[in-house]
Amino acid sequence: MKEQPKFIISGGGTGGHIFPAIAIADTLKKKFPKAEILFIGAKGRMEMDRVPKAGYPIEGLWISGLTKDYRVLTLPLKLISSFSKARRILKRFKPDAVIGVGGFASGPTLKVANWLGIPTVLQEQNSIPGKTNRNLGQHAKAICVAYPNMNRWFPADKIHLTGNPLRSNAVANASRVEAAEFFHLNPELPVALLVGGSQGSRDMNHGISAQLSAFKDKDIQFIWQTGKTYITQAQAEVKALGLDDKVKPVAFIERMDLAYSVSDVVISRAGAMSISELALVQKPVIFVPLPSAAEDHQTKNAQQLADVGAAIIVKNEKVKEELVPALFKLCSDKEKQASMKASIAQFARPNAAEDIVEQIVKVIS
């Protein structure tokens, strides 16, 4: 192994791709302190902001997915531009390996890496991979997955069951008292947490708003991650109902470690990274799978946990009627919470990042 290996990590678009990418980069840096790491993302997507904040350089490709409006006409130009720029970056940087984590940018980057003979490694977070990763998997040297039975989509001899690498600041231990103080909550009362994804969830927000007044009669506190577009409305609704002491709307939770530490019950989308974090911190969870996720993979992700009593599922179209009642019922059932904690723990893989780096090292050795 080189003392100063070079790695390119490509992908993004959502926190579910970006946070594992950063976790892999951090672990590579621990193993190879002198390593050079460069990210390649998609212009205008959240990785262009989040990755530099994590301390890594990033270059952006002009690329996006298929759309149903006039923007689809620009797709051929975007593909030409992205393949050309990816080739220039790889020829200049000369990486020892390219790691793809999913997202628009990973397709052109890993395709070019394959053409140039540079080893590639895939990290697939979900139980059903997207079409891009299925295609890229045929040429990858190693494919790190979070769910079993992935040989339906990938060559069996390349698959390694590693789990999903997690943000260290999301699952770090923190005291309940410290966390309650951070969110201005009473540590003696139950706390529920809603995380609708890194950009919030319109449907879940509307579901909470529809029954927000019900919190008046409950000794339940609520941390409500709304996303940037809904935060002003949520704050106004909470103030109008006089719920400022119970309900805490926030646009984005930077300190997820504190949010998890103080929460007794969590409401979440069923993205792969959310599931991995919740398994590691062992929280009873109500999943509201995103119905527009590719091939409905969030429902399939959540169902694997629900089948063993590790989660409750509320369908997206039922959130206004069922979400808050389901939350109140779970908050009042300590026995159910305990059994769900024990069940979800079996899905935890705390050494995922280290196991993925081990596979990367084998590829470039």
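What this report covers is the structure whose coordinates are included nearby.

1. Some words on the sheet that holds strand β4 (residues 97–100)
Inference 1: In space, the 7 strands of this open sheet follow the order β3-β2-β1-β4-β5-β6-β7, with parallel pairing throughout. Each end of this open sheet is capped by a strand with a single partner; those strands are β3 (58–61) and β7 (159–161). Taken pair by pair, the neighbouring strands of this sheet meet at an average axis angle of 20°, ignoring direction.
Inference 2: In this fold helix α15 (residues 352–364) packs onto β1 (6–10), β4, β5 (120–124), β6 (142–145) and β7, with an angle of close to 175° to the strand it touches most, β6.

2. Examining the sheet that holds strand β12 (residues 285–287)
Sheet strands pair via backbone hydrogen bonds, and the direction of the pair is either parallel or antiparallel.
Inference 1: Here 6 strands make up an open sheet; going across it, the order is β10-β9-β8-β11-β12-β13 and the pairing parallel. The two strands at the open ends of the sheet, each matched to only one other strand, are β10 (247–250) and β13 (312–313).
Inference 2: One ladder, built from 5 bridges, connects strand β8 (residues 191–195) with strand β9 (residues 221–225); its direction is parallel. Its bridge partner being in β9, L194 is matched across the sheet by W224.

3. Focus: the nonpolar core
Inference 1: Ranked by size, the top nonpolar core spans 53 residues in total, and within it L90, L193 and F287 carry the most contacts.
Inference 2: Among all residues touching L90, those that are not within four sequence positions of it are I8, I40, P95, V98, T109, V112, A113, L116 and I118.

4. Here's the deal with the pattern of salt bridges
Inference 1: The final tally for this structure, using the stated rule, is 7 salt bridges.
Inference 2: Of the charged contacts in the structure, one is a salt bridge between E254 and R50, with a shortest N-O distance of 3.8 Å. With a gap of 204 residues between them, E254 in the loop between β10 and α10 (256–262) and R50 in helix α2 (residues 47–53) connect regions that are remote in the sequence.
Inference 3: Since its relative accessible area comes to 18%, R50 is described here as buried.
Inference 4: Residue R92 is joined to E59 by a salt bridge in which the shortest nitrogen-to-oxygen separation is 2.4 Å. One end of the pair, R92, is in helix α3 (residues 75–93); the other, E59, is in strand β3, and 33 residues separate them in sequence.

5. Observations concerning the pairing of β1
Inference 1: Counted residue by residue, β1 has 4 buried out of 5 residues, so it is predominantly covered.
Inference 2: Handedness of the crossover joining β1 and strand β2 (residues 36–42) through helix α1 (residues 15–31) is recorded here as right-handed.
Inference 3: Two strands pair when backbone bridges link them, and β1 and β4 are joined in this way by 4 bridges, in the parallel orientation. If you follow I8 over to β4, its bridge partner there is V98.

6. Looking at the side chain of N164
Inference 1: On the secondary structure map, N164 appears in the loop between β7 and α6 (168–171).
Inference 2: At 3.1 Å, the side chain of N164 and the side chain of S276 are in polar contact.
Inference 3: Beyond its immediate chain neighbours, meaning those up to four positions away, N164 contacts Q123, E124, Q125, A146, A272, M273, S276 and A352.

7. With respect to the side chain of Q298
Inference 1: You can see Q298 is positioned in helix α12 (residues 297–306).
Inference 2: In this structure Q298 comes out as buried when scored by relative accessible area, which is 8%.
Inference 3: Here A270 takes part through its backbone nitrogen, which lies 3.0 Å from a polar atom of the side chain of Q298.
Inference 4: From its side chain, Q298 meets the backbone nitrogen of L290 in a polar contact 2.9 Å long.
Inference 5: Ignoring any residue separated from it by four or fewer positions in sequence, one finds Q298 in contact with R269, A270, G271, V288, P289, L290 and A293.

8. Some words on α1
Inference 1: Taking 1.5 Å as the rise per residue, α1 with 17 residues should run 24 Å; its terminal C-alpha atoms sit 24 Å apart, in good agreement.
Inference 2: Of all 17 residues in α1, 12 are buried; the element is thus mostly enclosed.
Inference 3: Regarding α1, the residues found buried are G15, H17, I18, F19, P20, A21, I22, A23, I24, A25, T27 and L28.

9. Describing helix α14 (residues 334–344)
Inference 1: Listed in full, the buried residues belonging to α14 are Q337, M340, S343 and I344. Each buried residue of α14 sits inside an arc of 130° when the element is viewed along its axis, so together they form one side. Exposed residues lying more than 90 degrees from the buried face of α14 are K334, E335 and A342.
Inference 2: Of the surrounding secondary structure, the elements contacted by the buried residues of α14 are β11 (265–268), α11 (272–281), β12, α12, β13 and α13 (319–331).

10. Considerations on the environment of K320
Inference 1: Here K320 shows up in helix α13.
Inference 2: Among the residues examined, K320 registers a relative accessible area of 47% and is labelled partly exposed.
Inference 3: For the pair K320 and I208, spaced 112 residues apart in the sequence, the C-alpha separation amounts to 7.0 Å.
Inference 4: Those residues in contact with K320 that sit more than four places away from it in its chain are H206, G207, A210 and Q211.

Procedures and definitions
- Residues numbered from 1 in each chain as written.
- Predicted model: local features only at pLDDT ≥ 70, side-chain atom pairs only at ≥ 80, totals over all residues.
- Heavy atoms only, no water.
- Pairing = 2+ DSSP bridges.
- Helix = DSSP H or I, 4+ residues; strand = E, 2+ residues; numbered from the N terminus.
- Axes fitted to C-alpha atoms, helices over the stretch in contact; angles between N-to-C directions.
- Contact = heavy atoms within 4.5 Å.
- Core = buried A, V, L, I, M, F, W, Y, C linked by side-chain atoms within 4.5 Å.
- Buried < 20%, exposed > 50% of the residue type's maximum accessible area, 1.4 Å probe, protein only.
- Salt bridge = Lys/Arg side-chain N within 4 Å of Asp/Glu carboxyl O.
- Right-handed = clockwise from strand over helix to strand, strands pointing away.
- Polar contact = N/O pair within 3.5 Å; in protein donor to acceptor, adjacent residues only side chain to side chain.
- Expected span 1.5 Å × (residues − 1).
- Arc of directions from axis to C-beta.

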